[in-house]
Amino acid sequence: MTTKADEIRPDVSLAMSREDFERWYWPVEELKIFCDLLDVSKAGKKAILRARVAAALSGEPLPKTSSLKRSTVSSFNWAIEALYLHTTITDSITFGRNVRQFFKEEVGPSFVCHSDFMDWVKANPGQTLRDAVEAWKILEARKDDPNFRRDIAECNNYLRYLRDIRDDNPQMSHEQAKQCWDKKKIRPAENGFVVYSLDDLRFLD
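A quick note: this is a predicted structure, and the numbers were derived from the prediction, not measured. (Residues numbered from 1 in each chain as written. Predicted model: local features only at pLDDT ≥ 70, side-chain atom pairs only at ≥ 80, totals over all residues. Heavy atoms only, no water.)

Things to note about the overall build of the chain
For step 1, the next point in the chain: Within the chain, the regular secondary structure consists of 8 helices and 0 strands.
For step 2, the next point in the chain: For the chain, the N- to C-terminal ordering of α and β elements is α-α-α-α-α-α-α-α.
For step 3, the next point in the chain: Against the compact-globule benchmark of 17 Å for 205 residues, the chain has a radius of gyration of 21 Å, which places it well outside the compact range.
For step 4, the next point in the chain: With the principal axes as the frame, the chain shows a C-alpha extent of 65 × 45 × 20 Å. (Helix = DSSP H or I, 4+ residues; strand = E, 2+ residues; numbered from the N terminus. Rg over C-alpha atoms; globule rule 2.2 N^0.38 Å.)

Considering the packing of aromatic side chains
For step 1, the next point in the chain: Under the definition given, this model contains 13 aromatic pairs.
For step 2, the next point in the chain: Summarising the aromatic geometry, the rings of Tyr25 and Trp181 are spaced 5.3 Å apart at their centres and angled 80° between planes, so their arrangement reads as edge-to-face. Of this pair, Tyr25 sits in the loop between α1 (18–21) and α2 (28–38) while Trp181 sits in helix α8 (residues 174–184), and the two are 156 residues apart along the sequence. The residues Tyr25 and Trp181 share a single accessibility class, namely buried.
For step 3, the next point in the chain: Seen from their ring centres, Tyr161 and Tyr196 are 6.2 Å apart, and the 75° between their planes marks the pair as edge-to-face. Here Tyr161, found in helix α7 (residues 157–168), pairs with Tyr196, found in the segment after α8; they are 35 residues apart in sequence, far enough to count as distant. (Phe/Tyr/Trp six-rings, centres within 6.5 Å; stacked < 30°, edge-to-face > 60°. Buried < 20%, exposed > 50% of the residue type's maximum accessible area, 1.4 Å probe, protein only.)

So, the nonpolar core
For step 1, the next point in the chain: With 19 residues, the main nonpolar core has Phe103, Phe111, Phe117, Val121 and Leu129 as its most contacted residues.
For step 2, the next point in the chain: Elements supplying a minimum of two residues to this core: α4 (97–107), α5 (115–122) and α6 (129–141).
For step 3, the next point in the chain: When residues of this core are assigned to their parent elements, the largest contribution, 5 residues, is made by α6. (Core = buried A, V, L, I, M, F, W, Y, C linked by side-chain atoms within 4.5 Å.)

Focus: the pattern of salt bridges
For step 1, the next point in the chain: Overall, the coordinates contain 11 salt bridges when judged by the stated rule.
For step 2, the next point in the chain: Bridged by salt links that share partners, the residues Glu7, Asp20 and Arg23 form one connected network. (Salt bridge = Lys/Arg side-chain N within 4 Å of Asp/Glu carboxyl O.)

Here it is as C-alpha cells:
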C-alpha cells in the first residue's frame with residue numbers, strides 16, 4: 001500500500017493544479033520549465049519563481065516584482081571603476097569580478113566572498129574598502145572557534161537540510177546526507193520546503 005510519504009514528485013505539467021504544485025519541492029531548473037510552459041517571466045530568485053508559477057497555474061494575478069528591486073542613490077559603477085583601500089562603500093555595491101578581484105589582491109588567494117561578508121559590506125555604506133578587508137579577516141577568524149556556526153539563509157533548503165541531518169547523526173558522512181536529500185526532495189514537502197525527520201534514514205542504502 002502506497003502512502004503519501006512514498007509518493008514521488010510528478011513531472012512538470014500544465015495540467016497540474018496549484019494545490020498539487022505546492023505539495024512539492026521544485027528546483028530552480030524545473031520552475032523555469034514551468035515558466036516557459038506558462039509563458040511567464042523566468043527572472044527573479046527561486047521564491048518569486050515559485051510564487052509566479054503557483055499564481056499562473058491557478059489563473060490568479062502574477063505577483064509584482066518591482067518592490068523586490070533595491071533602489072540605490074549612488075551612481076558609482078563597481079563593475080568598472082578602479083578600486084582602492086580608501087574607496088568608500090556605497091549603496092550600489094555589487095560583488096562581481098572587479099570587486100572580488102580587488103579583495104583577492106588585498107586578502108590573498110584564500111579570499112572567499114561568503115554571505116556573512118557580503119551582508120557586512122551591504123550594511124556598512126560609508127565605510128571604506130580597507131574597513132571591509134579588516135571585517136573579512138575578523139569574520140574569517142571565527143572559523144577557528146569550534147563553537148562557531150555560520151548562519152544559513154532560510155531560503156537555502158539544501159544546506160539547512162544537510163546541517164540538520166548531520167547534527168542529528170554526527171557519524172553520517174556528507175555523501176550519505178546528500179543521498180538522503182536526493183531521495184527526500186522528491187517526496188511531498190509542505191509548502192515546498194524539505195524538512196529533515198528521523199525517518200529519512202530509510203533512504204540510506
